[in-house]
Amino acid sequence: MLPPLSRQRGPDADGAIRQTDTDAALARLSAVKKGYIEDPFITHLIPRAQFQPTRPPLINIGTYVRSKSIDALVEQWLEFCEQQNTVCQIVSLGAGSDTRFWRINTGPRSHVLKSYLELDFPDVVTRKAMAIRKSKELSAVLGSPESIVVASGGTALHSAKYHLLSCDLRHSPSSSLAPILDGLLSQSLPTLLLCECVLVYMAPESSSALVDWFVNYFSSAQDRSILGAIVYEMFGLQDAFGQVMLNNLQSRNVSLPGAAPYPTVESLPERFTRHGFTFAHALTLSEVREKYISHSELERMSHLELLDEVEELNLVLKHYAITWGAKTFMPVHKSSLWGQWGLSIRPPPAP
Ligand SMILES: C[S@@+](CC[C@H](N)C(=O)[O-])C[C@H]1O[C@@H](n2cnc3c(N)ncnc32)[C@H](O)[C@@H]1O
C-alpha cells in the first residue's frame, strides 16, 4: 500500500526505492498492532517498533488482504510439495524486511522447506543481517549461533536453510544472480519465486530477464521439476486514480516503470505466459476481499476500527493484484496437482 505523503526522501532514486521497504514493514507492523494479522517477528526487524505509529484503516485492510492471499498461496504450495513427498526452495526477490521465512520455519510445514533465499540491495541486506544478529528471536529460528555466518563484509548472511544475499536485480541475471545463487539453488527441486512489490520498480525488460533466467535455469535440469511464481504489485495506473498514485510516488522520487505493460487485470498473467508458464492467474485485492475472505474474518475486521474511506479503499484495492503461475517441467501425470494451485472462493454465509 502507498505510504503517507509526508515522508522525507533523499535525492537518490535507489534510496527512495529502498525506503519502500520501511514503508512496507511499518504497514505490516501496523496491521499486527491493530489485530488484523499475526506476526511475532516483524517487531524485531523495525527499530523502536513499539513507538511506531499505526497506519490508517485503509492501509491496514489492504495489508490484511495482501498478506492473507499470499500466505494462502504459499501454504498451498508447501502442502502440494508435502503431498508429492518433496522438499522445496523459495527465492524471495526484493525481500526487504519480510518475515515469511521465520513464519514458515516455525510453522507446521517447516520440514518441507529445504532452503529460503532472500535478495535485495546491499544496504537493505546489511541492515537485515544486523537485525537478525542482534535478535535472539530471529537468530534462534536460523539455527545454532555458530551455524549463522555473516559474509561478504556484512552484505550476505548464511545459515542452514536461510540465505540473505545482495544484488541489484536490474543487472543482467547471468552476471549478478548466477554467481550468488551458485551452490545454494538446486535445479531439481520445486522452486517458488516471490516478488512482493519489487518488479514494479524496474523496467519491464529487467523483470522479464529475471523470469527468463529462472525458466532457463530449471529447463536445463536433468531432474524435471516445477517453477512457481507469485507477484504482488500495483497495475492499471493509466486511469485517473492511477495517475494520482503515480504523481504521489513521483513526488517522493519513486517511479513505477514496471506497471506500464499491465493496464488491466487480464493482462497480468502475460508476465508469466509469455515465458511459457503452464498456467497463470491474477486477482485484484478488491476481488480477493469480495469473494475469497471468509465472512467471519470480514466480520471480525469490521470490529477492529472504523473505516470511513470505503470508496477510497475500493479504488486502492482495484489497483493492486496478486498474480501467480507455474511452469512445470515434469511429466503431465505428476504435474496435474499443481494446476489446482490457487485461492479458494469462500463458501456462502451460514443461513
Ligand atoms: C516495497 S519493498 C517490499 C519488501 C518486501 N518484499 C515486502 O513485501 O514486504 C521493495 C523491496 O524491493 C527492493 N528492491 C527494489 N528494486 C530492487 C533491485 N533493483 N534490486 C534489489 N532489490 C530491489 C527494495 O530495496 C525493497 O526492499
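The written sequence of each chain sets the order in which its residues are numbered from 1. Two thresholds apply to this predicted model, a pLDDT of at least 70 for residue-level local features and 80 or more for giving and counting side-chain atom pairs, whereas whole-chain, interface and lining totals are computed over all residues. Hydrogens and waters are ignored; side-chain quantities use all the structure's heavy atoms.

This paragraph deals with the overall build of the protein. Broken down by element type, the protein carries 13 helices and nine strands. What the globule rule says is 2.2 Å times the number of residues to the power 0.38, and the radius of gyration is computed from C-alpha atoms. The C-alpha radius of gyration of the protein comes to 19 Å, within 12% of the 20 Å expected for a compact globule of 351 residues. Its C-alpha atoms give the protein principal-axis dimensions of about 55 × 45 × 40 Å. Here a residue-residue contact requires only that any non-hydrogen atoms of the pair lie within 4.5 Å. The contacts of the protein with a sequence gap of at least 6 include a subset with a gap of at least 24, amounting to 79%. What sets the accessible areas is the Shrake-Rupley method with a 1.4 Å probe; for residues, cover comes only from the shown protein chains. Accessible area of the protein: about 15200 Å², with a carbon and sulfur share of 55%. When charges are tallied, Lys and Arg are placed among the positive residues and Asp and Glu among the negative ones, while His and the ends of the chain are skipped. Lys charges are placed at NZ, Arg charges at CZ, Asp charges at CG and Glu charges at CD. The distance from the centre of the 32 positive side-chain charges to the centre of the 35 negative ones in the protein is 4 Å. Each helix corresponds to a stretch of at least 4 residues labelled H or I by DSSP, and each strand to a stretch of at least 2 residues labelled E; elements are numbered beginning at the N terminus.

A word on helix α6 (residues 173–181). Only protein chains enter the accessibility calculation, which uses a 1.4 Å probe; a residue whose area is less than 20% of its type maximum is buried, one above 50% is exposed, and one in between is partly exposed. For α6, the set of buried residues is P173, S176, L177 and L181. Angularly, the buried residues of α6 cover 95 degrees about the axis, an arc narrow enough to put them on a single face. With respect to the buried face of α6, the exposed residues turned more than 90 degrees away are S174 and S175. Looking one or two places after α6, you find G183, whose phi comes out positive at around 85 degrees. The arc in question is the one traced by the directions running from the helix axis out to the C-beta atoms.

The next subject is the sheet that holds strand β7 (residues 226–234). Spatially, the nine strands line up as an open sheet ordered β3-β4-β5-β2-β1-β6-β7-β9-β8, and their pairing is mixed. The open sheet terminates on both sides in strands that have one partner only, identified here as β3 (149–151) and β8 (279–284). Within the sheet, the average angular offset between the axes of one strand and its neighbour, ignoring direction, is 15 degrees. Of the strand pairs in this sheet, β7 and strand β9 (residues 320–328) are connected by nine bridges, and their pairing is antiparallel. Considered in β9, the bridge of Y232 is made with I322. Strand pairing follows a simple DSSP-based rule, namely that at least 2 bridges must link the two strands. Only the stretch in contact is used when a helix axis is fitted, and all axes are lines through C-alpha atoms; the angle between N-to-C directions ranges over 0 to 180 degrees.

On to the environment of F272. With respect to the element layout, F272 can be found in helix α9 (residues 270–273). Dropping the residues within four chain positions of it, F272 is found in contact with A229, V231, F277, A280, T323, W324 and G325.

All right, on to the side chain of R103 then. The residue R103 is located in helix α3 (residues 100–105) in this model. Nitrogen and oxygen atoms within 3.5 Å of one another constitute a polar contact, given that in protein one can donate a hydrogen and the other can accept it, and given that sequence-neighbouring residues count only through two side-chain atoms. Of note is the side chain of R103, whose polar atom sits 3.3 Å from the side chain of D71. Setting aside residues no more than four positions away along its own chain, R103 makes contact with R28, E38, D39, F41, D71 and D98.

Before going further, it helps to examine the site of the ligand. The ligand sits among 20 residues. The nearest are R66, G94, D120, D168 and L169. Note that a nitrogen atom of the ligand is positioned 2.9 Å from one of the side-chain N or O atoms of D168. Burial of the ligand by the surrounding chains reaches 96%, relative to a free accessible area of 600 Å². When each cavity is represented as a set of grid points, the ligand is found to reside in the largest cavity. By residue number, the principal contributor to the shell around the ligand is helix α1 (residues 13–33), which donates five residues. Residues belonging to the shell around the ligand are distributed by class as follows: ten nonpolar, three polar and seven charged. Being near a molecule or strand, for a residue, means having at least one of its heavy atoms within 4 Å of it. We place a 1 Å grid over just the protein atoms. Points where a 1.4 Å probe fits but has no way out form a cavity, open points with protein on both sides within 12 Å along at least 5 of 7 lines form a pocket, and any residue with an atom within 4 Å of a point lines it. Those molecules having more than half of their atoms within 2 Å of a cavity or pocket grid point set are described as sitting in that cavity or pocket. The classification used treats Ala, Val, Leu, Ile, Met, Phe, Trp, Tyr, Cys and Pro as nonpolar, Asp, Glu, Lys and Arg as charged, and all other residues, Gly among them, as polar.

Glancing now at the UniProt feature "binding site: S-adenosyl-L-methionine" (unreviewed entry) in the protein. UniProt positions are given in the numbering used here, feature names are shortened, and annotations may be inferred rather than shown by experiment. Annotation from UniProt places "binding site: S-adenosyl-L-methionine" (unreviewed entry) at R66, G94, D168, L169 and E196. On the basis of their most widely separated C-alpha atoms, the annotated residues across 131 residues do not gather in one place, lying as much as 25.0 Å apart. Narrowing the list just given to those that line the largest cavity leaves R66, G94, D168, L169 and E196. Considering the arrangement of structural elements, one finds G94 in the loop between β1 (88–93) and α3. Accessibility expressed as a relative area gives 18% for G94, which makes it buried. Leave out the neighbours within four places in its chain, and G94 touches L119, D120, L169, E196 and V198. With respect to the helices, strands and loops of the structure, D168 is situated in the loop between β5 (162–166) and α6.

Looking now at the nonpolar core. The criterion is simple. A nonpolar core is a set of buried Ala, Val, Leu, Ile, Met, Phe, Trp, Tyr and Cys residues joined through side-chain atoms within 4.5 Å. Core analysis: the largest hydrophobic core is formed by 76 residues, its most contacted members being M234 and W341. Residue contributions to this core peak at twelve residues, all from helix α2 (residues 57–83). Sequence-distant contacts of M234, defined by excluding residues within four places in its chain, comprise C197, V200, Y201, M245, L249, L256, A259, H319 and Y320.

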